[in-house]
Amino acid sequence: MADEDFTPWTPEGAARLRAAAAELTAAITAHAEAVTAVSKDADITEVFAATDRLLPAVLAYADAQFDYTGNGFPFGVLHQFAEQDDEDEPADEPEPATGISVLQRHDYRVTDVAAVLSAGRRAYLDVWPEDDEAAAAVDVTHLGRALYQIAHAGGWHRLDEVEGLRATGGAVVVVAQQEILGSDPDEWPEELFEGDGGEFLCKQEDVFPA
C-alpha cells in the first residue's frame, strides 16, 4: 500500500536535494584537504574531524534524494553502517579521557652549523621583514635560536628542508590524558614529558635513509 504522505518530485524536495548536495561537496572537499595535508608531522585530528563530518553529509544527501525520488541508491545503503555503529556502542560506555598528548621526537644530524644559522636568520627576516640582516645576525647567534626562528616562521616540519640538517629518524606516540595542558603556561608542570604518561593509544615510527 502506498504511503499517502509521500510526496515526491516537489520543488521543496528539489531545493533540499540541492542543499544536501552542496553540503556533501563541501564535506568531501574538506575531507580531501585534510587527508592530503597529512605528513609525518601533521596533526591527524583534522582528518578525524573531516571524516566525522563526511558520513552524515552522505546520509543527508541520500535521505534528500529518497524524499524527492523515492530512491536513495547508491548512498542510502550506507545507513546500515551508521545503524551498526549505534548498536555496537555500549550503553554504559566509560567517560572518555579529557584529551590526548601527541609526543614527537625527530632526530637530525647537524652537518653544517653555519648553514643552519643562515637559515635561521632568513626565517627571522620572514617574520620581521622590516628588520635588516644585521638585526637577524644579532638575534640568531646559536643553533637553538636558529631552530626556534625556523619553526616560528613555518613550523617544526620545516627542519626537513633546512640545509645543514639531515633527518635520521623519528617517532610519534599518542597517549590519552585525564589532565591536559591549559591556556596558561605558568600552570603547566615543570617536567612536561614526565609522569604516568597516560594510556598508550598509538605509535608511528619514521626511518630515513642513512
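We now turn to the structure provided with this report. (Residues numbered from 1 in each chain as written. Predicted model: local features only at pLDDT ≥ 70, side-chain atom pairs only at ≥ 80, totals over all residues. Heavy atoms only, no water.)

## What to know about the overall build of the chain
Our working definition: Numbering of helices and strands starts at the N terminus; helices are DSSP runs of H or I of at least 4 residues and strands are runs of E of at least 2. With a 1.4 Å probe rolled over the protein chains alone, any residue whose accessible area is under 20% of its type maximum counts as buried; one over 50% counts as exposed, and the rest are partly exposed. Any two residues whose heavy atoms approach within 4.5 Å at even a single point are treated as in contact.
Of the regular secondary structure elements, the chain holds six helices and three strands. When the helices and strands of the chain are listed from N to C terminus, the series reads α-α-α-β-α-α-α-β-β. The buried share of the chain, taken over its 210 residues, is 23%. Taking contacts inside the chain between residues at least 6 apart in sequence as the whole, the part at least 24 apart equals 71%.

## Regarding helix H6 (residues 143-154)
As a reminder, the rule being used: Between the first and last residue of a helix there are one fewer steps than residues, each counted as 1.5 Å, and that sum is the expected span.
With twelve residues, H6 ought to run about 16 Å at 1.5 Å a step, and its terminal C-alpha atoms sit 17 Å apart, in line with that. Taken together, the buried positions of H6 are Ala-146, Leu-147, Gln-149, Ile-150 and Ala-151. The first or second residue beyond H6 is Gly-155, which carries a positive phi of 95°.

## Concerning the packing of aromatic side chains
Centre distance and the angle of the planes are the two values used to describe a pair of aromatic rings. Test applied: Pairing of aromatic side chains requires ring centres within 6.5 Å, counting the rings of Phe and Tyr and the six-membered ring of Trp. Pairs whose planes differ by under 30 degrees are stacked, by over 60 edge-to-face, and all others tilted.
In the structure shown here, the tally under the stated rule is one aromatic pair. The interplanar angle of 70° and the centroid separation of 5.1 Å between the aromatic rings of Trp-9 and Tyr-68 together place this pair among those described as edge-to-face. Remark: Tyr-68 occurs in helix H2 (residues 45-69) and Trp-9 occurs in the segment before helix H1 (11-36); sequence separation between them is 59 residues.

## Section: the environment of Arg-166
Within the element layout of this structure, Arg-166 appears in strand S2 (residues 165-177). The partly exposed category is assigned to Arg-166, whose relative accessible area is 33%. The sequence separation of Arg-166 and Thr-111 amounts to 55 residues, and the corresponding C-alpha distance is 7.1 Å.

## Quick word on the sheet that holds strand S1 (residues 99-110)
Quick reminder of the rule: Note on pairing: DSSP must find at least two bridges between two strands before they are called paired. Axis lines are fitted through C-alpha atoms, for helices just across the contact stretch, and the angle between N-to-C directions can take any value from 0 to 180 degrees.
With antiparallel pairing, three strands are arranged side by side in an open sheet as S1-S2-S3. Taken across any chain shown, the strands that pair with only one partner, and hence form the sheet edges, are S1 and strand S3 (199-207). Across the sheet, the mean angle from the axis of one strand to that of its neighbour is 10°, orientation sign disregarded. Bridging between S1 and S2 involves twelve bridges; their strand directions are antiparallel. Within S2, the residue paired with Asp-107 across the bridge is Gly-169.

## Observations regarding the side chain of Gln-65
Looking at where Gln-65 falls in the secondary structure, it is placed in helix H2. Residue classification places Gln-65 among the buried positions, given a relative accessible area of 14%.

## Structural notes on the pattern of salt bridges
Quick reminder of the rule: Salt bridge criterion: a side-chain nitrogen from Lys or Arg within 4 Å of a carboxyl oxygen from Asp or Glu.
Using the criterion set out here, one finds six salt bridges in the structure. Residue Asp-107 is joined to Arg-105 by a salt bridge in which the shortest nitrogen-to-oxygen separation is 2.8 Å. Using a relative accessible area of 58% as the deciding quantity, one classes Arg-105 as exposed. With a shortest N-O distance of 2.9 Å, Arg-145 and Asp-139 are connected by a salt bridge. The partly exposed category is assigned to Arg-145, whose relative accessible area is 28%.

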